[in-house]
4 protein chains.
Amino acid sequence: MDASPLDGFHEECGVFGVFGHTDSGALTALGLHALQHRGQEACGIVSFDGTEFFSHRALGLVDAAFGAADVIGGLKGHAAIGHNRYATTGETLVRNIQPLYADLSFGGFALAHNGNLTNAHTIRQALVRQGSLFQSTTDTEIILHLMAVSTRNDVIGRLVEAIGQIEGAYSLVALWGDRLVGLRDPHGIRPLVLGRLGESYILASETCALDIIGATFVRDIGPGEMVVIDRKGIQSSFPFAYKGAESRFCVFEYVYFARPDSFMEGRSVYGMRRRIGAELAREAPVEADYVVAVPDSGVPSAIGYAEESGIPFELGIIRNHYIGRTFIEPTNQIRNLGVKLKHNANRAFIEGKRIVLIDDSIVRGTTSKKIVEMVRAAGAAQVHMRISSPPTAHSCFYGIDTPSTSDLLAHKMDVEAIRTFIGADSLSYISIDGLYRALQDTGRDSGGPRFCDACFTGDYPVPLTDHANNCAGAKVTDLRERAGT
Amino acid sequence: MDASPLDGFHEECGVFGVFGHTDSGALTALGLHALQHRGQEACGIVSFDGTEFFSHRALGLVDAAFGAADVIGGLKGHAAIGHNRYATTGETLVRNIQPLYADLSFGGFALAHNGNLTNAHTIRQALVRQGSLFQSTTDTEIILHLMAVSTRNDVIGRLVEAIGQIEGAYSLVALWGDRLVGLRDPHGIRPLVLGRLGESYILASETCALDIIGATFVRDIGPGEMVVIDRKGIQSSFPFAYKGAESRFCVFEYVYFARPDSFMEGRSVYGMRRRIGAELAREAPVEADYVVAVPDSGVPSAIGYAEESGIPFELGIIRNHYIGRTFIEPTNQIRNLGVKLKHNANRAFIEGKRIVLIDDSIVRGTTSKKIVEMVRAAGAAQVHMRISSPPTAHSCFYGIDTPSTSDLLAHKMDVEAIRTFIGADSLSYISIDGLYRALQDTGRDSGGPRFCDACFTGDYPVPLTDHANNCAGAKVTDLRERAGT
Amino acid sequence: MDASPLDGFHEECGVFGVFGHTDSGALTALGLHALQHRGQEACGIVSFDGTEFFSHRALGLVDAAFGAADVIGGLKGHAAIGHNRYATTGETLVRNIQPLYADLSFGGFALAHNGNLTNAHTIRQALVRQGSLFQSTTDTEIILHLMAVSTRNDVIGRLVEAIGQIEGAYSLVALWGDRLVGLRDPHGIRPLVLGRLGESYILASETCALDIIGATFVRDIGPGEMVVIDRKGIQSSFPFAYKGAESRFCVFEYVYFARPDSFMEGRSVYGMRRRIGAELAREAPVEADYVVAVPDSGVPSAIGYAEESGIPFELGIIRNHYIGRTFIEPTNQIRNLGVKLKHNANRAFIEGKRIVLIDDSIVRGTTSKKIVEMVRAAGAAQVHMRISSPPTAHSCFYGIDTPSTSDLLAHKMDVEAIRTFIGADSLSYISIDGLYRALQDTGRDSGGPRFCDACFTGDYPVPLTDHANNCAGAKVTDLRERAGT
Amino acid sequence: MDASPLDGFHEECGVFGVFGHTDSGALTALGLHALQHRGQEACGIVSFDGTEFFSHRALGLVDAAFGAADVIGGLKGHAAIGHNRYATTGETLVRNIQPLYADLSFGGFALAHNGNLTNAHTIRQALVRQGSLFQSTTDTEIILHLMAVSTRNDVIGRLVEAIGQIEGAYSLVALWGDRLVGLRDPHGIRPLVLGRLGESYILASETCALDIIGATFVRDIGPGEMVVIDRKGIQSSFPFAYKGAESRFCVFEYVYFARPDSFMEGRSVYGMRRRIGAELAREAPVEADYVVAVPDSGVPSAIGYAEESGIPFELGIIRNHYIGRTFIEPTNQIRNLGVKLKHNANRAFIEGKRIVLIDDSIVRGTTSKKIVEMVRAAGAAQVHMRISSPPTAHSCFYGIDTPSTSDLLAHKMDVEAIRTFIGADSLSYISIDGLYRALQDTGRDSGGPRFCDACFTGDYPVPLTDHANNCAGAKVTDLRERAGT
């Protein structure tokens, strides 16, 4: 899958927290660097030294935002939380960059969130009617306002009360007083893991953020669990795990989002992708000369497909990683040349060959169409497309930026029509059952899925309240303000 | 007086508004340019085109912030308000730059304020306890929150209710729906004038901002008055003019702040300064060769002093205007050279001469001491300091950034001690009665002052509620965030 | 006179040098700050620590370019030279910012120049034909190339040989090995003064740059003189003072360019302007109510005029100093409002009055026309324009950026026509004889002028070789490169 | 191999040129983007529209430097050349960014160079003695000066005469008048290819820069060949192909530098690397569970090794591509954590396994040591290092930035000592004969190598004149100037 703005999903966020380390700011920056694939538009860190909060938030990559020694040096204290953000619409405003911070009646409170709330607009409208002033346009801010207007006396009580009113998918880290908190929604849709580094505790979206600082993985935070970390240690409770709620971890983290070196819910992401590729080879074999991945996301499945099928794996497409956020606005004349900023076919191993092309998904189809064209232009005799997930036919409301359902190619076409559209000689997706076999999960057959697979099946485990109220897209009256202010 | 960060008063703001002109953004930028002397740290404009609000806010001068064509072009619409800000403490955060903007339940609302609220912290604490989340650290934001939590149904009602709860000195311009509003506090402490440009209405802190765009002066907005301008015209009411409230316009606007080409409350600022100088010559004559002003603020009074005394006015001190906000951090060795970044003595007209030096005020005294030293080093035979205001012995709580009372030289010393401190041969201030004579105001003699002269007399016309509650300096828990974010 | 890009002269440069002080970089920055009026587009400093050269050059004001502590700290060493530049055409390229630096066969050599060479293109063409590669488009670089191709063995010899080939007006400071050099052209057209600060020597374009660092004035460098300063002291010689060459100091330095607190050739600049004003009052008296200067440059002459005539001097025009290089691109609608970014009439003292308006010169006339209109619009009964220099009828080729002769208003019109053009009730210029009387110089009557007054008389003391060769405007093939690179 | 500043080679440059296309600037930017791996510190483009030259040069990546529409729009004309630069020492000065440009006696001339001249300092010293002034510190500038001082009348004659005097490795593109020129040194050490896009001609360092714009590959420019392209077409000559000179193409382009999808001298780079990996498997087999590449450069050889050995290829190391030029300055405490900014072991496939680790080379050894430690820390049972090139024991003088010979690990240690240093269980390099077998080149056995393999063998095909004259490191007296000026 291509993560370009035109064709693809976008995980909105990565979160990180640390408690009990004198280099909390630097560790958080490193953790966010390891989670950079979860959001590249903006990043921020808030630290706390027991008395004061310190913050730095900026547009762009972690590397650029936190590279200067004085920036890290300014993030004083033994505790910190951080956030990577992928803005889904329009320009990113600095005031939307997380962690959000508020001066509540009990003092400062900082919050970072990965996920999406499905009743955010409904709650926001009620809060505004009651006199709340919103400063950002992010869903996350409603949690701060719900805490602010809570009548509970204790901070934990206010937080639990606030979280109790929101719906959706959320993995949160929060910092106040001298406490770091991590919590996950009742279905555990988005990931959150706990690690240790000496005496310090770490919270992170993925285990790769533990690896970068040499921390050890302790366990996944559970669905509906809240952990509160302070100088006395860690305390766990399950205030959000209501009766009947079952674990529905996002299956797309395995298929595409997570870094291959991460472990999620006990499984190696790379291992799962490799197994999916092998299952795909069994479900949709084809006679061919080479297995070629659309890099980088298709590589693990392609290796699995190659091993199972016995067809050699080759680097038939080369990716140019030196690419930023803007590029040359081509004239029409140049556009017609079919400029390939990001990928190039490795003609030496394509020309005259029958190619099995492995990608993780097809969203709008424009990228897949270009890739097939590029491979054909390099002389491929045949192009057989194999997709390591079922057709993406339903929009995600739980934190992954997908087009609306009506724009999804698989919503509008059947597989044969998609094949024609992208110009492949053959096209197969893995089946939903094949996907679960690969994940070693008996899936639907044994009492329902243990994953959220709504993007494939339309089975949404959490109510879509805003959507039902027709206020998901309700316009927030907002300033048209230039980026950076 | 020297407006350096180390020694001086700082007017916090200038405001401007326009309704009914297709170039509202450009006119506002020009108006703010004319008001630049009222605040140089930051500036902002919000415009409205009938449907959407547009905003640009930036650190620095108007010229730099709004010079680019696309910036002005982005401020669409027929109505706009703008603000110049002088930040009194620490670094300026972009989120503190006015106009402030809020998404209230009735839609967007923008607000710009010149003045200072004396019960802001008291109200803020109450609002935070009730669940309001503050996004800036400016006093102005409490007005937005008071409006947000108001139970009134109409916007004007909410605004009047909110303003009814605040105390202090305030001249406000606000923009919402299709209305521009201007209002002044019950005592009319800070200025606000109304102008016309063809069919358009203009609101501005000073008349010089009308001149720059060729608008005509209509009248001063009155103490406690509110004007509401919309497509149907202008409506005036006096919702804040409570019984017994009398006009107490800031006398220091005449002495120092306002631009000499402005008219305030019907008087020419330049003319008043010239008259003050003449009165000073009568009250405190001295035999001397030349009258020399500390430029630029001392010039009008010096001309008046020269005319009345018959002693020639000369440019004995030259000011370097090419000076920005930062300058070379000198080594101690250089510091001892007595570097004169801003002023230089005109030795040809100083050497061997008896000099009457005219300045508008002495705050901490460090600048005056340096100036006297510089004039002596250039060979002056005698230096007689004359100050065109009474001793500044009390801190201002109404929008002028003065040191706390205990840091004011005139609070700690009598005139003779100040003379010794600054090293002058003689020192005289104009008397409070002399000042009122010059202003053609019978002053205290006839039933009380018609000005606020608290900085000279300690007679504060508006209660200092925060000060009494010991919460004026109450720490707002705030992020230490780097400038620009 | 208005120094706007559209109407006015522009002094191209200020130079500064110091030898023998551990803070040479900081002192040079301070000196350039005092000389900022001589060039505001770019500035640069090169320092030398006995082994290495250090440099910082930037677009913009000295204050901004050298404000950061690490910039000054990087300019190590006991000797430094600096330069302020006003670029006369198009965008300023960083590679044109002086001091220029070259790696010559004897080592590094840095050079800064105030003035203009009248045979620069002629020499450049010859050098390029012989194989010299030019890196800048400044005239100054030809001196480096002439030194590079010299066959002399000693650096001084090469420098003298190079200077011997150039024509025009030049005041230079240079730094190499462990020597600081200052020199002036045979006629001493542009200024250069020598000062001392303890054991250190200072060279500067004006004495105000000595004052700012507390240095004492020693003497003017003489026409055709070269001083060489090293650890052993200072040595003077006159290698460029050819037989028959007479001092022809630029009279326009007195009239407009120099700072009023500077002394030039033994005369106080302020004093001279004041005397010119008085002479003008004698030559061109008029009945009026107030004498008003076009600020800031017209003020000293206005004071002189007022004193001589007995008509009171008033601040009838107020200048806004908060103005940078760019401003709002007005729409036509706004342009027609007659926006006054820089000046405003002080209506209180203009309305109904007869005004004598004093300015230093009229170049293209557009600014004068606007000022007269502004004063009339403020209600002046009569406007009598008095100019403190003779009509500017000839272009300058010696370092002052004037329009070409054919664009000068006084070249195209007689005084009456100019009066009509600018809309004044009367107009008088001081006569050339009056000017010399004011300067206490017997002038033309006693064997020829002792000043360069070519801009008034067309009497050019130095040959205009490029002009004669038609190569003054010869196009240098140059890259269109974006500013800053 | 790790291309970090601390451990690795650095190809200095990529070049690109186009003639005969209205979008020459955009095409060149795209070409440079495809060549970004050859230099990431700075980039520049000069275009020509038949009359004027246009230029933009900047620090940083092509994407950032040329992303703005107005930048590309400013590069007018039908011909352009461009350059990517990797600066080998200290900070990059803008004046060193290529293409270099000079105003020669016949007009403007622009030049971009990939390679390194081995007699540059020797020539530079002679030129400086004769009066040439250098503006950059790059070797390339001597070519401009040699042309400038040439007595030949025609530009081509001057260029040929200049190139005739230089020694080293050079692939050049040049632009002047209405001609684009490409040329290669007599041994063809550095690459240069010719392509066509419709009626336009393209020159580029690698074929991947043809692919990105859809141009077709025509042929390699030959050793000692010069092609001159103008509106009439292309003309080839061999002015630099002296008698006895044989092709000695850089073998390290195959091993590491070139992009795998490029073809060089008729061979697929990916295919060669794959063959080298297979040969390495034959020469240095080992019993193991997985073949793991050090990404990205080790991947093709690892695939070859895996296929030949039958051991499965796995993504045992994951690379984080979101990395810029600076990163968090870690405290010592953090440094000791072994922070892995760029690579992470894929623990799921490492733990308990015997790993064959494939990298392309070992330079200083520090990166290899860290990688081996990381793989062991992830639980590898054994780590067998295999290097797809012979030991790098000699410094490169032909355009690849290597440490001096004395700093190369293979110069100081034998293979067993290196194995101990990096901590591997076994270590093998491919033999020089094995390398040539893989490249299908009979190599030394049949009358001498057809490649430059000096970095492995010390057999330098071009004299090291500067080195012999001890002036390779001769200090150029240079300004210490801040980046960007």
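Computed from a prediction, not measured in an experiment: that's the story for all the values here. (Residues numbered from 1 in each chain as written. Chains lettered and ligands numbered in written order. Predicted model: local features only at pLDDT ≥ 70, side-chain atom pairs only at ≥ 80, totals over all residues.)

## What to know about the overall build of chain A
- Of regular secondary structure, chain A possesses 17 helices and 25 strands.
- Taken across its 485 residues, chain A has 60% of its residues classed as buried.
- A separation of at least 24 residues holds for 71% of the contacts in chain A among residues at least 6 apart in sequence. (Helix = DSSP H or I, 4+ residues; strand = E, 2+ residues; numbered from the N terminus. Buried ≥ 20, exposed ≤ 12 C-beta atoms within 10 Å, placed from the backbone. Contact = placed C-beta atoms within 7 Å.)

## Remarks on the domain arrangement of chain A
Residue and element names in this part refer to chain A.
- Domain parsing of chain A yields domain 1 (13-248) and domain 2 (268-320 + 340-441).
- With centres defined by C-alpha atoms, the gap from domain 1 to domain 2 works out at 35 Å.
- Each side of the interface is counted separately: domain 1 has ten residues, and domain 2 has four residues.
- Secondary structure elements with two or more residues in the side of domain 1 that touches domain 2: β6 (107-117) and β7 (168-176).
- Per element, the largest residue contribution to the side of domain 1 that touches domain 2 is three residues, and it comes from β6. (Domains from an automatic or database assignment.)

## Description of the sheet that holds strand β13 (residues 233-237) of chain B
Residue and element names in this part refer to chain B.
- Across the sheet, six strands lie side by side as β5-β6-β7-β8-β12-β13; this open sheet has antiparallel pairing. Looking at which strands have only one partner, the edges of the open sheet turn out to be β5 (100-104) and β13. On average, each strand axis in the sheet is inclined to that of its neighbour by 20°, with strand direction left out of account.
- Pairing of strand β6 (residues 107-117) with strand β7 (residues 168-176), which is carried by nine bridges, proceeds in the antiparallel orientation. From the neighbouring strand, L111 faces β7, where its bridge partner is A174.
- Strand contacts of helix α5 (residues 141-148): β5 and β6, with the helix running at about 10° to β5, the strand carrying the most contacts. (Pairing = 2+ DSSP bridges. Axes fitted to C-alpha atoms, helices over the stretch in contact; angles between N-to-C directions.)

## A few points about the pairing of strand β3 (residues 53-59) of chain D
Residue and element names in this part refer to chain D.
- With seven of seven residues buried, β3 is to be regarded as a mostly interior element.
- By the alternation rule, side chains of β3 split into F53, S55, R57 and L59 and F54, H56 and A58, which are all buried.
- Pairing analysis gives seven bridges linking strand β2 (residues 42-48) to β3, with the strands arranged antiparallel. By the bridge assignment for β3, A42 is matched with L59.
- Hairpin connection, β2 to β3: the antiparallel pair is bridged by four residues, and G50 has positive phi, about 100°.

## A look at the pairing of strand β2 (residues 42-48) of chain A
Residues and elements named next belong to chain A.
- In terms of burial, β2 is a largely internal element, seven of the seven residues being buried.
- Going residue by residue along β2, you find A42, G44, V46 and F48 tucked away on one face and C43, I45 and S47 tucked away on the opposite face as well.
- Examined bridge by bridge, β2 and strand β4 (residues 79-85) share seven bridges and lie antiparallel to one another. Paired with V46 across the two strands is I81, which belongs to β4.

## Concerning the sheet that holds strand β17 (residues 290-293) of chain B
All names here are of chain B.
- In space, the five strands of this open sheet follow the order β18-β17-β21-β22-β23, with parallel pairing throughout. Unpaired on one side and paired on the other, β18 (313-314) and β23 (426-429) mark the two borders of the sheet.
- Inspection of the sheet shows β17 paired to strand β21 (residues 354-359) by four bridges, in the parallel sense. Residue pairing for β21: V292 is matched across the bridge by L357.
- Seen against the sheet, helix α12 (residues 366-377) touches β21 and β22 (382-387) and runs at an angle of roughly 150° to β22.

## Comments concerning the packing of helix α5 (residues 141-149) of chain C against helix α6 (residues 155-165) of chain C
Residue and element names in this part refer to chain C.
- Direction vectors running N to C along α5 and α6 enclose 130°, while the axes themselves pass 8 Å from each other. The orientation of α5 with respect to α6, classified from their angle, is oblique. The crossing of α5 and α6 is right-handed. Facing I143, L146 and M147 of α5, the residues of α6 in contact are R158, L159, A162, I163 and Q165.
- Residues belonging to the contact of α5 with α6 are distributed by class as follows: six nonpolar, one polar and one charged. (Parallel < 35°, antiparallel > 145°, perpendicular 65-115°, else oblique. Left-handed = near helix turned anticlockwise from the far one by under 90°. Nonpolar A, V, L, I, M, F, W, Y, C, P; charged D, E, K, R; others polar.)

## Thoughts on the confidence of the model for chain A
Residue and element names in this part refer to chain A.
- Scored by pLDDT, chain A comes out at a mean of 89, with 88% of its residues at no less than 70.
- Long-range and interchain partners of residues 1-11, a stretch whose pLDDT sits below 50, account for 35 contacts in this model, where long-range means more than four residues apart.
- Interface scoring of the predicted complex returns ipTM 0.92; its pTM is 0.90. (pLDDT = per-residue confidence, 0-100.)

## Comments concerning helix α1 (residues 24-34) of chain B
- Of all eleven residues making up α1 of chain B, eleven are buried, and the element is well covered by its neighbours.
- Every buried residue of α1 of chain B is accounted for by S24, G25, A26, L27, T28, A29, L30, G31, L32, H33 and A34 of chain B.

## Focus: unusual backbone geometry
- Residues Q98 of chain A and P99 of chain A are joined by a peptide bond in cis, for which omega reads 0°.
- As for its position among the elements, P99 of chain A is in the loop between β4 and β5 (100-104).
- Note that the residue after P295 of chain B, namely D296 of chain B, is joined by a cis bond; omega there is -5°.
- One non-glycine residue, E265 of chain A, lies in the positive phi region at around 50°.
- Here E265 of chain A shows up in the loop between β15 (263-264) and β16 (267-268).
- Under the C-beta neighbour-count criterion, E265 of chain A is labelled partly exposed, with 16 such atoms within 10 Å.

## Notes on helix α9 (residues 269-283) of chain A
All names here are of chain A.
- Between its terminal C-alpha atoms α9 stretches 21 Å, which fits the 21 Å expected from 15 residues at 1.5 Å a residue.
- Counting buried residues in α9 gives twelve out of 15 residues, a clear majority hidden from the surface.
- Taken residue by residue, α9 has V269, Y270, G271, M272, R273, R274, R275, I276, G277, E279, L280 and A281 as its buried positions. (Expected span 1.5 Å × (residues − 1).)

## Thoughts on the packing of helix α9 (residues 269-283) of chain B against helix α10 (residues 299-309) of chain B
Residue and element names in this part refer to chain B.
- The geometry of α9 relative to α10 is characterised by a closest axis approach of 6 Å and an angle of 45° between their N-to-C directions. Taken as axis vectors, α9 and α10 run oblique relative to one another. Judged by the sense of rotation from one axis to the other, the crossing of α9 with α10 is right-handed. Each of Y270, R273, R274, R275, I276, G277, A278, L280, A281 and R282 in α9 lies in contact with α10, whose residues at this interface are P300, S301, A302, I303, G304, Y305, E307, E308 and S309.

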